[in-house]
Amino acid sequence: MKHIIIVCEGQTEQSFCNDVLQKHFNELDIYIYYPTIKKPQGGIVKWEFLKSQVEKHLIDDNRAFVTTLIDYYGMQARHKYPFWQTVQSYADKNLAVTQIESGMLADLSPDFKSRFIPYIQLHEFEGLLFSDMNVFNNNFEESEFLDYGYLVNTINQYPNPELINDGNETAPSKRLSKIIKGYFSDNENYKVVYGSLLAHDIGLQKIRSKCPRFNNWITRLENI
């Protein structure tokens, strides 16, 4: 059986791997393990810190491929990801993220490059949750919506949910907090539960059909 280690930014991504990706890869005879970044509250960390974790996984399991599931949203200059300053001038954020990924791969030891598949979600994992309008209608009562019209407008505006932008008030998670009552609260578990619930009900194939960058990543993992 082949092994893939998916280093997740936080618990939301980890739950997605458990609830959505695991069954799919098991059927392909691929075992996936999905630890979070080793940081108390999760979240994005400096590239140097993440790089050391990636290399440790590759050393500890010389059969495994290692990939990442981290968001472009939240990355800042202080995190010092490769080509960060260069790509700030790029209008095409998909190209910007691809450039950062190529820099991450280039920065790894030559001994590990063949087993590392860097992946950055454009712009944020929660963008994938806008892949199907029906799951919102099926999982929430009318009283649980704060602004149903905003949900409809967002989905209509972005046929590719990955392009939902990274503004402080318009990033996917920020939009969800304006749409669903209680999405952001003092209890972080609400965010994890809602993300897992919606992603599971949308289904992997629907997400892949709407999100080409995500689909390309899954295809690469399927073909290790």
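Everything below is about the structure printed above this text.
Just so we're clear, the structure is a prediction, and the values are computed from it rather than from any experiment.

Rules and cut-offs
- Residues numbered from 1 in each chain as written.
- Predicted model: local features only at pLDDT ≥ 70, side-chain atom pairs only at ≥ 80, totals over all residues.
- Heavy atoms only, no water.
- Axes fitted to C-alpha atoms, helices over the stretch in contact; angles between N-to-C directions.
- Helix = DSSP H or I, 4+ residues; strand = E, 2+ residues; numbered from the N terminus.
- Parallel < 35°, antiparallel > 145°, perpendicular 65-115°, else oblique.
- Left-handed = near helix turned anticlockwise from the far one by under 90°.
- Contact = heavy atoms within 4.5 Å.
- Nonpolar A, V, L, I, M, F, W, Y, C, P; charged D, E, K, R; others polar.
- Patch = residues over 30% accessible without salt bridge, like charges linked within 9 Å, V, L, I, M, F, W, Y side chains within 5 Å.
- Areas by Shrake-Rupley, 256 points an atom, 1.4 Å probe, with all protein chains shown as cover.
- Salt bridge = Lys/Arg side-chain N within 4 Å of Asp/Glu carboxyl O.
- Lys, Arg positive; Asp, Glu negative; His and termini not counted.
- Charge placed at Lys NZ, Arg CZ, Asp CG, Glu CD.
- Core = buried A, V, L, I, M, F, W, Y, C linked by side-chain atoms within 4.5 Å.
- Buried < 20%, exposed > 50% of the residue type's maximum accessible area, 1.4 Å probe, protein only.
- 1 Å grid on protein atoms, 1.4 Å probe; cavity = no way out; pocket = protein on both sides within 12 Å on 5 of 7 lines; lining within 4 Å.
- Points joined across faces, edges and corners; volume = space filled by probe spheres on them.

Take the packing of helix H1 (residues 11–27) against helix H10 (residues 212–222) next. Interhelical geometry of H1 versus H10 gives an angle of 50 degrees and a closest axis separation of 12 Å. With respect to each other, H1 and H10 are oriented oblique. The two elements H1 and H10 meet at a crossing, and its hand is right-handed. Residues Phe16, Leu21, His24 and Phe25 of H1 pack against Phe214, Trp217, Ile218, Leu221 and Glu222 of H10. Residues belonging to the contact of H1 with H10 are distributed by class as follows: seven nonpolar, one polar and one charged.

The next thing to look at is a positive patch on the surface. Taken together, the side chains of Lys39, Lys46, Arg78 and Lys80 make up a positively charged region of the molecular surface. On the secondary structure map, Lys39 appears in the loop between strand S2 (30–33) and helix H2 (47–60).

This part is about the nonpolar core. A general tendency of soluble globular proteins is for nonpolar side chains to be buried together. By size, the foremost hydrophobic cluster in this structure holds 43 residues, and its most contacted members are Ile6, Phe16, Leu21, Phe136, Ile180, Phe214 and Trp217. With five residues, H1 is the single largest residue contributor to this core. Formed by 26 residues, the second largest nonpolar core is a distinct cluster that contains Val45, Met104, Leu108 and Phe112.

Topologically, Asp132 is positioned in the loop between strand S5 (120–121) and helix H5 (133–139). For Asp132, the residues in contact, after removing those within four places along its chain, are Ile202 and Lys206.

Before going further, it helps to spend a moment on the layout of surface pockets. Empty space within the second largest pocket amounts to approximately 280 Å³. In terms of lining, the second largest pocket is formed by 17 residues, of which the most central are Thr98, Glu101, Tyr119, Arg213 and Arg220. Elements supplying a minimum of two residues to the lining of the second largest pocket: helix H4 (93–106) and H10. In terms of residue class, the lining of the second largest pocket is built from eight nonpolar, five polar and four charged.

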